[in-house]
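Architecture at a glance
Below, each chain spelled out in residue letters.
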Amino acid sequence: MSTENLSQSPEQPPRKPRVAVVFGGRSSEHGISVVTAGAVLAAIDRTKYDVLPIGITREGRWALTADAPERMAITDRRTPDVEELAESSEGGVVLPLDPGNREVVISEPGSVPKALGEVDVVFPVLHGPYGEDGTLQGLLELSGVPYVGAGVLASAVGQDKEYMKRVFTSFGLRVGPYVVIRPREWERDESAARKKIVDFAGEHGWPLFVKPARAGSSIGITKVDDLAGLDEAIEEAQRHDPKILVEAALRGREIECGVLEFEDGPRASVPAEIPPPQEHAYYDFEAKYIDSTPGIVPAPLTPEETAEVQKLAVDAFDAASCEGLVRADFFLTEDGEFVINEINTMPGFTPISMYPQMWQASGVPYGELVDRLVQAALRRSTGLR
């Protein structure tokens, strides 16, 4: 679909494409999603697009929200919440499930449902489960509404770190050592599951990183230096996901690279380096979003290293069948090899986030970045492609 296909009549000028920015959600990353939405709402070109902000509460209610980017920032080390922005505490916004109808409706108790108009594209800036993992993408496919970013499969693969690594390995990309503990293993025999991790540590050494398998923004991750901290780390990861991933520590530099879909296909940005944060054990949630530990853009790499990580980032984008955008995270190990850690199909998108910073350094400022993503979504149809 292109902007030329939007409905119009001889008496009226062509209407602007309508973009629904959907944010918030039921995951632990709710607040960061709201911050991301504020940045997108502030940057999107209102002379080119009509905008409809839709927030999803932590309980899953879809709400029409204030179009107020200034209220969607981190203040006093606290992230914002959709409930604070919702125009009503009851009722909700409903997307059509008829692919021939793109009209969004708001329904409130005791009132006749009110049409909010048609939506031409959805910009889903949700992070984590129930939004970034293919669930929302499946709903939009059923509704026949184009959307920014990866499709159902790529979103699911990008959210589940185990299967992401399996896909990358099958395409010849190097990943670090890891072990997975599934919920059934833990429920069946906790001692055996714990021993599996201890044996892994015996093979690869301490420290280990214990993570929720399907979460992001470094939430729920613990760096474990010895056996004494293992149980607490497992409990913290399981608060966010019953399936956990344990990774061996890799010695090397943290390098990130952005991928963006252009008219002629995906291209990679200049890479960035994440230096070890001074006041944190590693690049955790606090370092990323609260203390805003700065990255180095562009990364101080040789031309050969830069070209290699850019190629690997695009390879990862293609391996997972991604669309729109990806941030690919690597370790440059002490032996000079790039090891892919993960991809994010909807990375942090605030102006201080690494993905926009890398593209800014590559000649694509934030406003243009948002526009390119919307245009890429408008060019695509829903369904098999």
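Residues numbered from 1 in each chain as written. Predicted model: local features only at pLDDT ≥ 70, side-chain atom pairs only at ≥ 80, totals over all residues. Heavy atoms only, no water.

What counts here: UniProt positions are given in the numbering used here, feature names are shortened, and annotations may be inferred rather than shown by experiment.
In the nomenclature of an unreviewed UniProt entry, the chain corresponds to D-alanine--D-alanine ligase from the organism Streptomyces hokutonensis. Entered under Subcellular location (unreviewed entry) in the UniProt record, the comment concerning the chain runs "Cytoplasm". Quoted verbatim from the Sequence similarities (unreviewed entry) field of UniProt, the annotation for the chain is "Belongs to the D-alanine--D-alanine ligase family."

Section: the overall build of the chain
Rules: In DSSP terms, a helix is any run of H or I states spanning at least four residues, a strand is any run of E spanning at least two, and both are numbered starting from the N terminus. Residue-level accessible areas treat just the shown protein chains as cover; the underlying method is Shrake-Rupley with a 1.4 Å probe.
Within the chain, the secondary structure is distributed over 12 helices and 16 strands. Here the chain has roughly 16,800 Å² of accessible surface; of this, 50% comes from carbon and sulfur atoms.

Some thoughts on the packing of helix H4 (residues 152–159) against helix H5 (residues 161–170)
What counts is decided by this rule: Fitted lines through C-alpha atoms serve as axes, helices being fitted only where they are in contact, and the angles separating the N-to-C directions of these axes extend from 0 to 180 degrees. Each angle gets one of four labels, with under 35 degrees taken as roughly parallel, over 145 as roughly antiparallel, 65 to 115 as roughly perpendicular, and the rest as oblique. Should any heavy atoms of two residues lie within 4.5 Å, those residues are considered in contact. Put simply, Ala, Val, Leu, Ile, Met, Phe, Trp, Tyr, Cys and Pro go in the nonpolar bin, Asp, Glu, Lys and Arg in the charged bin, and everything else, Gly too, in the polar bin.
At a minimum axis distance of 5 Å, the contact between H4 and H5 shows a crossing angle of 110°. In terms of orientation, H4 and H5 fall into the roughly perpendicular class. When H4 is examined against H5, the residues Val-157, Gly-158 and Gln-159 are found in contact with a partner set consisting of Lys-161, Tyr-163, Met-164 and Val-167. Across the contact of H4 with H5, the residue classes tally to 4 nonpolar, 2 polar and 1 charged.

A closer look at the side chain of Glu-141
Which entries qualify depends on this criterion: Under this definition, polar contacts are N or O atom pairs within 3.5 Å; protein pairs additionally need one hydrogen-donor-capable and one acceptor-capable atom, and for neighbouring residues in sequence, both atoms have to be side-chain atoms.
When you line up the elements, Glu-141 lands in helix H3 (residues 135–143). Within polar-contact distance, the side chain of Glu-141 engages the side chain of Tyr-147 at 2.7 Å. With residues near it in sequence (within four places) discarded, Glu-141 still touches Tyr-147, Val-152, Thr-382, Gly-383 and Arg-385.

Remarks on the packing of aromatic side chains
Stated formally: Pairing of aromatic rings covers Phe, Tyr and Trp, the last through its six-membered ring, and needs centres within 6.5 Å; plane angles under 30 degrees mean stacked, over 60 mean edge-to-face, and all others mean tilted. The cut-offs for exposure are 20% and 50% of the maximum accessible area for each residue type, with area from a 1.4 Å probe on protein chains only; residues under the lower value are buried, those over the upper are exposed, and the others partly exposed. The criterion is that NZ of a Lys, or CZ of an Arg, lies within 6 Å of the ring centre and within 35 degrees of the ring normal, and then a charge sits over that ring.
In this structure the tally under the stated criterion is 5 aromatic pairs. When the centroid spacing of 6.2 Å and the interplanar angle of 80° are considered together, the rings of Phe-330 and Phe-338 count as edge-to-face. Judged by its relative accessible area of 2%, Phe-330 is buried. The rings of Phe-123, Phe-349, Tyr-355 and Tyr-366 are connected pair by pair, giving a single aromatic cluster. Between Arg-26 and the ring centre of Tyr-130, over which it is positioned, the NZ or CZ distance is 4.0 Å. Over the aromatic face of Phe-262 sits the side chain of Arg-267, whose NZ or CZ is 4.0 Å from the ring centroid.

A look at the confidence of the model for the chain
It should be kept in mind that the predicted coordinates are not to be read in detail where pLDDT is low. Put simply, the rule reads: You can read pLDDT as the predictor saying how much it trusts each residue, on a scale of 0 to 100.
Per-chain confidence: the chain averages 90 in pLDDT, with 89% of residues scoring 70 or above. The low-confidence segment residues 1–5 (pLDDT under 50) makes 11 contacts with residues lying over four places distant or belonging to another chain.

Structural notes on the environment of Gln-159
Note that Gln-159 resides in helix H4. On the accessibility criterion, Gln-159 (6% relative accessible area) is buried. Among the polar contacts listed, one links the side chain of Gln-159 to the backbone oxygen of Arg-214, at a separation of 3.1 Å.

Describing the sheet that holds strand E3 (residues 62–64)
Test applied: A pair of strands is labelled paired if DSSP reports no fewer than 2 bridges between them.
As summarised here, the arrangement of the 4 strands in space is E3-E2-E1-E7, forming an open sheet in which the pairing is mixed. What marks the edges here is a single partner per strand, and that holds for E3 and strand E7 (121–124). Between one strand and the next, the sheet's axes are offset by a mean angle of 30°, whatever the strand orientation. Across 3 bridges, the pairing between strand E2 (residues 50–56) and E3 is antiparallel. By the bridge assignment for E3, Ile-54 is matched with Leu-64.

Looking at the environment of Ser-362
If you trace the backbone, Ser-362 turns up in the loop between helix H11 (354–361) and helix H12 (366–379). Judged by its relative accessible area of 28%, Ser-362 falls in the partly exposed class. C-alpha separation for the pair Ser-362 and Gly-258, spaced 104 residues apart in sequence, amounts to 9.9 Å. Beyond its immediate sequence surroundings of up to four residues, Ser-362 is in contact with Ser-269 and Val-270.

Observations regarding the layout of surface pockets
Applicable threshold: In the cavity and pocket records, a cavity denotes points on a 1 Å grid over the protein atoms alone where a 1.4 Å probe fits but cannot get out, a pocket denotes an open set with protein on both sides within 12 Å along at least 5 of 7 lines, and lining residues are residues with an atom within 4 Å of a point. Grid points are joined across faces, edges and corners, and a volume is the space filled by probe spheres set on the points.
In this structure, the second largest pocket encloses a volume near 230 Å³. In terms of lining, the second largest pocket is formed by 14 residues, of which the most central are Pro-129, Tyr-130, Arg-214, His-240 and Asp-241. Looking at side-chain class alone, the lining of the second largest pocket contains 5 nonpolar, 4 polar and 5 charged residues.

Thoughts on the sheet that holds strand E10 (residues 222–224)
Across the sheet, 4 strands lie side by side as E8-E11-E9-E10; this open sheet has antiparallel pairing. Looking at the sheet topology across the chains shown, the edges are occupied by strand E8 (178–181) and E10. Shown here is a sheet whose adjacent strand axes are inclined to one another by a mean of 25°, direction ignored. The sheet contact formed by E8 and strand E11 (residues 244–248) spans 4 bridges and is antiparallel. Looking across to E11, one finds that Ile-181 is bridged to Ile-244. Of the strands in this sheet, E8, strand E9 (208–212) and E11 are in contact with H5, which crosses E8 at around 140°. Contacts between helix H8 (residues 230–238) and the sheet are confined to E9, E10 and E11, with E9 contributing the most and set at about 25° to the helix.

Section: the nonpolar core
Heads up, the rule is: Here, nonpolar core refers to any group of buried Ala, Val, Leu, Ile, Met, Phe, Trp, Tyr and Cys residues whose side-chain atoms link them within 4.5 Å.
Ranked by size, the top nonpolar core spans 33 residues in total, and within it Val-19, Val-21, Phe-23, Val-40, Phe-123 and Phe-349 carry the most contacts. Residue assignment for this core shows that the elements contributing at least two residues are strand E1 (18–24), helix H1 (30–43), helix H2 (82–85), E7, strand E12 (252–262), H11 and H12. Broken down by element, the residue count for this core peaks at 7 residues, all from H12. Counting residues in each nonpolar core, the second largest holds 28 residues, with Ala-150, Phe-168, Ala-316 and Ala-328 among its members.

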